[in-house]
Amino acid sequence: MLDRLRRWMPAALSLALFVVALEVLRVELRALTWRELSADIVQTPPARLALAALLTAVNYLVLTGYDFLAFASIQKVLSRTRIAAASLLAYAIANNVGFAMLSGASVRYRFYTRWGVTAEELSRIVVSYSVTFWLGLLALGGVSLAISPPSGHGLPARELTAAAGWLLVGVTVAYIATTAARRTPIRVGPLEIPLPPPSIAIAQLVISALDWTLAGAVLYVLLPPGSVSFFTFLGAFLAAVLLGLVSHVPGGIGVFEGLMVVLMRPYVDSAGLLPALVVFRVVYYLVPLAIALIVLVADELRQRRSQAARLTAILGRIEEQVTPRLLAAFTFLAGIVLLLSGATPAAPGRLERLERFLPLGVIEVSHFVGSVIGVVLLLVSQGLARRLDAAYYLASSGILVGIAASILKGLDYEEAILLTGVLFLLGRARPAFDRRAAFFDTRFSVGWVASLIAAVGASMWLGLFAFKHVAYSNELWWQFELRGEASRFLRASVGAALVVMLFAFARLIRPAPHEVVLPTDEDLAAADAIIRTQPATFANLVHLRDKALLFDEGRTAFLMYGVQGNTWVALGDPVGSCEGKTALIRQFLERCDDFDGVPVFYEVRPGDLHRYADFGLTFVKLGEEARVDLKRFALEGSHGARYRKTIRRLERDGGTFRIIEPPQTTETLRQLRTVSDNWLEQRAAAEKGFSLGFFDEAYVARFPIAVIEFNGQVRAFANIWPAGGKSEVSVDLMRFHHDAPKNVMEALFAHLMLWGKDAGYEWFTLGMAPLSGFERSPVATLWNRLGSFIYQHGEFVYKFQGLRAFKEKFDPAWEPRYLAYPGGMRLPRILADLAALVAGGYRRMLLP
């Protein structure tokens, strides 16, 4: 409950601030009509408009100074042209999207890492420009509040406001003083942040102050001349910007305007301020965003043409996230444009010209369809951000219909041109939308839901403002005439709201998302009783407690599984009686069907393939498992010479082997943890899970442990899985310290096999060698040929051949393992979800 509250609270507060801002604007604009407002916007003097555009250009050039100072502070050399280009694009996007630190960082990551900036350096750059961003805002805002606090009804007392201003100034002074007094870096977790020298700190303050001054000047020159002094205006501007940033509403839209209206009430009335605010939004925000989008799409196309020459596919996949998200924002914007257009009157004279060629019915239908398509674009933009091909086709089709509706409902050619531009950019970026997934399977983020509500609510608010002079009556709903624009707005609003409600209802009646319930102690006890009767050891992975369990009706068999996305993965064959196995396969398939999941059985044995075939599943080979016949394993003779040599070398080095029976002591677990942590550290890896064991004290303590010790200290270990009836013995965790001898694990296995043979076990299982045992043939299936190619040439990704070669030292028998799934084109998605399930999620898979 607390986690859900934390996720919803920021978005809910942002939405609440946006609603409050709309109410403030409604009250302030009660004496202003839509036609007066739109006329004032159109009649903005060209000289003022040109000056605002010039100041915007200068302001964005000054913004590049943030990055130049960041590079200077970390002493990294990079071309000035490259720094300026990446910085300009980053700020054009961050100013509109919001969350400037994150959205700006993603654009910088795209370019800077390509030009040799490391991840650590980039993190320090982000910290530097973020500090610069706030430095000038706090200093200028603080001085403005302290010297000339805004006054007005409902505002805090002047003394309190002035005190808050001096506090903000004090933060700035404290930062500069710290850079002068402290030379050692500041540590934030694992991140070490060196403080810049005082000269750079002062430069940060100057650049940031100049930036905010220029940003305020852009809006100031659009105001009626002589209405307010610039210094007084700047204080109100910075306060409104600060609240807009805190609200997390993209670009502070609505919140910034609402507070500006309140703060500027003593100096400029709403009729003079609102047109300037609208023009400011277009000049300072939308025009730079459009330029940035065009540049990023062009860069995306250029990068894709040279994709084959890139050294790492992972970096390419991360970079691909930028353009889809930006196009999603533009599609969302296109939807808002259609909604706002449907909520406002047509331009004078256009309906009359349109009536000469079209019947009234076409105009009415086009107006309604335009607003409905606007909502559709808001909805599908979320899928564009996730690169879904279905969302791409829906968005493209919707924009095409929106273009036609824009022309047919009121000759809105400006709107049609904007939509055509978005459609063109979508078409050029088509390769970026390559994820095959059902659109309704995607989850809407809390922020996206809030944005959707805000957009639809804002369009309705604007319509009510635009047609407030029309007296409401029930007849308005059924009034069909050329000048009945208020009626068209009401019907279109209902249509838009109906689409949102239908979409919400469709998601509501979908199968509930499945939650993997981890096993209880009683479940594990029942599973363990079944495992003790089985000839195989693989089911001991159940004791990791990271998988859900599914029992048959009589609890004579069980199946363990995990869920990643839409993929349900059963690990291994069902464990238990033959009758229970078949029943469990059917039960698992039925449960997957209940939740619209894709059933997968991972690492199944050849002997049970017929059970899956009976349910229509198909198979692909995953690799082969190595099994050593302990009856044939011996140290004597030429066959055992290698093992004798390995064991003697260990003894000469001072190593000893022993089995530690459970339960393990605290000191034993401490030593095992030390070896495990060192093993992970040497490989720069994180713990895996699901089909691989991880170090958990409760898990490790329940099994016998084979250890190699030097001077009483454990330097290598493996936990032992015994099978019922002594048919098989195996190991799971196999780890060694970096200062152990080179062949320590080979010696450990040789000792273990001798121990298993003496204990009466028949087989020793060494685990699977992935992608091994594939036949190399031009007539083999695509999967077999791909698996063989990866096995032969993918050694730099995973030691496929090295792993098999190590296991070959013990002369094992190789037994194939398979993946059973429903067939079709699902295999790539299944394998990706499976890898993420083992890694603990896609994030940990890409960034261990």
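Computed from a predicted structure; not experimentally measured.

K.L.:
Would you explain the overall build of the chain in this entry?
P.N.:
Looking only at helices and strands, the chain features 30 helices and 14 strands. Buried residues in the chain amount to 52% of all 848 residues. Taking contacts inside the chain between residues at least 6 apart in sequence as the whole, the part at least 24 apart equals 74%. For the chain, the exposed area adds up to about 39300 Å²; of that, 64% sits on carbon and sulfur atoms.

K.L.:
When you look at a nonpolar patch on the surface in this model, what are you seeing that I'm missing?
P.N.:
On the surface, a cluster of nonpolar side chains totalling about 430 Å² of accessible area is made up of Val278, Val282, Leu286, Val287, Ile291 and Val295. With respect to the helices and strands, the residue Val282 is situated in helix α11 (residues 270-305).

K.L.:
Sorry if this is basic, but what is going on with helix α23 (residues 641-652) here?
P.N.:
Quick reminder: α-helices carry 3.6 residues per turn. Residues three or four places apart thus point the same way. Across its 12 residues, α23 extends 16 Å between first and last C-alpha, which sits within 8% of the 16 Å expected from 1.5 Å per residue. Where α23 is concerned, the buried positions are Tyr643, Thr646, Ile647 and Leu650. Projected down its long axis, α23 carries its buried residues within an arc of 95 degrees, all on one side. Counted as exposed and oriented over 90 degrees from the buried face of α23: Lys645 and Arg652. The inward-facing, buried residues of α23 contact β9 (655-660), β10 (705-710) and α26 (744-758).

K.L.:
How do you make sense of the pairing of strand β12 (residues 728-736) when you look at a structure like this?
P.N.:
Remark: a regular strand shows side chains that alternate across the two faces of the sheet. Counting buried residues in β12 gives 7 out of 9 residues, a clear majority hidden from the surface. Both strand β11 (residues 713-722) and β12 contribute to a ladder of 6 bridges, which runs antiparallel. Residue pairing across strands places Phe717 opposite Arg735, the latter belonging to β12. Where β12 meets strand β13 (residues 763-770), 3 bridges bridge the pair, whose relative direction is parallel. Residue Val729 lies in a different strand from β13, and its bridge partner there is Phe764. Handedness of the crossover joining β12 and β13 through α26 is recorded here as right-handed.

K.L.:
Just checking my understanding: could you explain the nonpolar core for this structure?
P.N.:
In a soluble, globular protein the nonpolar side chains are often hidden away together inside. Ranked by size, the top nonpolar core spans 88 residues in total, and within it Phe237 and Met260 carry the most contacts. Top contributing element to this core by residue count: α11, with 11 residues. Residues contacting Phe237, with those up to four places away along its chain left out, are Trp212, Ala215, Gly216, Leu219, Phe256, Met260 and Phe280. Core analysis: the second largest hydrophobic core is formed by 47 residues, Tyr602, Leu622, Leu672 and Val675 among them.

K.L.:
Which parts of the structure should I look at to understand the environment of Ile399?
P.N.:
Take Ile399: it is sitting in helix α16 (residues 389-410). Separated by 29 residues in sequence, Ile399 and Gly370 have C-alpha atoms that sit 9.6 Å apart. Apart from the residues lying within four places of it in its own chain, the contact partners of Ile399 are Leu377, Leu419, Val422, Leu423 and Leu426.

K.L.:
I keep staring at the packing of aromatic side chains and nothing clicks. Help me out?
P.N.:
To describe a pair of aromatic rings, one takes the distance between the centres and the angle between the planes. Inspection of the entire model under this criterion finds 23 aromatic pairs. Ring centres of Phe601 and Tyr612 lie 4.7 Å apart, and the angle between their planes is 45 degrees; on these two criteria the pair is classed as tilted. Within this pair, whereas Phe601 is found in strand β7 (residues 598-604), its partner Tyr612 is found in helix α22 (residues 609-613), the two being separated by 11 residues in sequence. Like Tyr612, Phe601 is buried. An angle of 0 degrees between the planes, with centres 5.8 Å apart, marks the rings of Tyr643 and Phe810 as stacked. On the criterion of sequence distance, the pair formed by Tyr643 in helix α23 and Phe810 in the loop between α28 (800-808) and β14 (813-821) is long-range, its members being 167 residues apart. Among the residues examined, Tyr643 registers a relative accessible area of 2% and is labelled buried. Joined through ring pairs, the aromatic side chains of Tyr60, Tyr220, Phe230, Phe233, Phe237, Phe280 and Tyr284 make up one cluster. Against the face of Trp763 rests Arg627, its NZ or CZ located 4.7 Å from the ring centre.

K.L.:
Just to check I follow, could you spell out the pattern of salt bridges for this structure?
P.N.:
Two side chains carrying opposite charge are able to pair once their charged atoms lie near each other. In this structure the tally under the stated criterion is 23 salt bridges. Its salt-bridge partner being Glu415, residue Lys409 comes within 3.9 Å of it at the nearest N-O pair. Among the residues examined, Lys409 registers a relative accessible area of 5% and is labelled buried. Among the ionic pairs, Glu815 bridges to Arg605, the shortest N-O distance being 3.2 Å. In this pair, Glu815 is assigned in strand β14 and Arg605 in the loop between β7 and α22, connecting sequence segments 210 residues apart. Under the relative-accessibility criterion, Glu815 is labelled partly exposed at 22%. Through salt bridges that share partners, Arg605, Glu625, Arg627, Glu728, Glu815 and Arg817 make up one connected network.

K.L.:
Explain the packing of helix α3 (residues 46-74) against helix α8 (residues 198-220) to me, please; I cannot follow it from the model alone.
P.N.:
To describe two helices that pack against each other, one gives the angle between their axes and the distance between the axes. At a closest axis distance of 9 Å, the pairing of α3 and α8 adopts a crossing angle of 160 degrees. Between α3 and α8, the angle falls in the class roughly antiparallel. The chirality of how α3 crosses α8 is left-handed. Between α3 and α8, the contacting residues are Ala52, Leu55, Thr56, Val58, Asn59, Val62, Leu63, Gly65, Tyr66, Leu69, Ala72 and Ser73 on the first element and Ile200, Ala203, Gln204, Ile207, Ser208, Leu210, Asp211, Trp212, Leu214, Ala215, Ala217 and Val218 on the second. Across the contact of α3 with α8, the residue classes break down as 17 nonpolar, 6 polar and 1 charged.

K.L.:
How should the side chain of Arg627 be read in this particular structure?
P.N.:
Mapped onto the elements, Arg627 comes out in strand β8 (residues 618-629). On the basis of relative accessibility, which here comes to 12%, the residue Arg627 falls in the buried class. Polar contacts involving the side chain of Arg627 include one to the side chain of Glu728, which spans 2.9 Å. When residues no more than four places from it in sequence are discounted, the contact partners of Arg627 are Glu728, Trp763, Phe764, Thr765, Pro812, Ala813 and Glu815.

K.L.:
Just checking my understanding: could you explain the environment of Ala385 for this structure?
P.N.:
As for its placement among the helices and strands, Ala385 is situated in helix α15 (residues 360-385). Judged by relative accessible area, which is 6%, Ala385 ranks as buried. The sequence separation of Ala385 and Arg325 amounts to 60 residues, and the corresponding C-alpha distance is 4.3 Å.

K.L.:
Whenever I open this one, unusual backbone geometry confuses me. Can you help?
P.N.:
Glycine aside, the phi torsion of most residues is negative, and most peptide linkages are trans. Along the chain, Pro662 connects to Pro663 via a cis peptide bond; the corresponding omega equals -5 degrees. Relative to the elements of secondary structure, Pro663 occurs in the loop between β9 and α24 (666-682). Positioned with a positive phi, Arg545 is a non-glycine residue whose angle comes to about 65 degrees. As for its placement among the helices and strands, Arg545 is situated in the loop between α20 (521-531) and β3 (548-551). Given the relative accessible area of 35%, Arg545 is considered partly exposed. Residues other than glycine seldom take positive phi values, yet Glu603 does so here, at roughly 60 degrees. Tracing the chain through its elements places Glu603 in strand β7. A residue is classified by how much of its surface remains accessible, and Glu603, at 13% relative accessible area, is buried.

K.L.:
Explain the side chain of Lys807 here, please?
P.N.:
Structurally, Lys807 is set in helix α28. Although Lys807 is buried, it makes no salt bridge; Glu625 carries the closest opposite charge, 7.9 Å away. Beyond its immediate sequence surroundings of up to four residues, Lys807 is in contact with Ala626, Leu766, Gly767, Met768, Ala769, Pro812 and Trp814.

Analysis parameters
- Here the residue index of a chain counts from 1 through its sequence in written order.
- Predicted model: local features are reported for residues with pLDDT of at least 70 only, side-chain atom pairs are reported and counted for 80 or more only, and whole-chain, interface and lining totals are derived from all residues.
- Here the side-chain values reflect all heavy atoms present in the structure, with hydrogen atoms and water set aside.
- Secondary structure counts use DSSP, requiring at least four H or I residues in a row for a helix and at least two E residues in a row for a strand, with both numbered from the N terminus.
- Burial classification: accessible surface area is computed with a 1.4 Å probe over protein chains only, and a residue below 20% of its type maximum counts as buried, one above 50% as exposed, and the rest as partly exposed.
- Here, two residues are considered to be in contact whenever any of their heavy atoms come within 4.5 Å of each other.
- All accessibility values rest on the Shrake-Rupley procedure with a 1.4 Å probe; residue burial counts only the protein chains present in the view.
- Each patch groups residues whose relative accessible area exceeds 30% and which form no salt bridge, using 9 Å between like charges and 5 Å between nonpolar side chains of Val, Leu, Ile, Met, Phe, Trp and Tyr.
- By definition here, a salt bridge exists when the distance from a side-chain nitrogen of Lys or Arg to a carboxyl oxygen of Asp or Glu is within 4 Å.
- Given the number of residues in a helix, its expected span is that number minus one, multiplied by 1.5 Å.
- The arc under discussion is defined with respect to the helix axis, by the directions toward the C-beta atoms.
- Two strands are counted as paired when DSSP detects at least two bridges linking them.
- Place the viewer so that the strands point away; then a crossover is right-handed whenever the path from the first strand over the helix to the second strand goes clockwise.
- Nonpolar cores are built from buried Ala, Val, Leu, Ile, Met, Phe, Trp, Tyr and Cys residues. Side-chain atoms within 4.5 Å join them into one set.
- Between rings of Phe, Tyr and Trp, where Trp is taken as its six-membered ring, a pair exists when centres lie within 6.5 Å; planes separated by under 30 degrees are stacked, by over 60 edge-to-face, and by other angles tilted.
- Remark: a charge is flagged as sitting over a ring if the NZ atom of Lys or the CZ atom of Arg is within 6 Å of the ring centre and within 35 degrees of the ring normal.
- Inter-axis angles, ranging from 0 to 180 degrees, are taken between N-to-C directions of lines fitted to C-alpha atoms, where helices are fitted over the stretch in contact.
- To sort the angles, those under 35 degrees are grouped as roughly parallel, those over 145 as roughly antiparallel, those from 65 to 115 as roughly perpendicular, and the leftovers as oblique.
- What makes a crossing left-handed is the near helix being turned counterclockwise from the far one by less than a right angle; a clockwise turn instead makes it right-handed.
- Charged residues are taken to be Asp, Glu, Lys and Arg, nonpolar residues to be Ala, Val, Leu, Ile, Met, Phe, Trp, Tyr, Cys and Pro, and polar residues to be all remaining types, Gly included.
- Between N or O atoms, a polar contact is any pair within 3.5 Å; within protein, one atom must be a potential hydrogen donor and the other a potential acceptor, and residues adjacent in sequence are included only when both atoms are from side chains.
- Within this scheme the basic residues Lys and Arg register as positive and the acidic residues Asp and Glu register as negative, but His and the chain ends are omitted.

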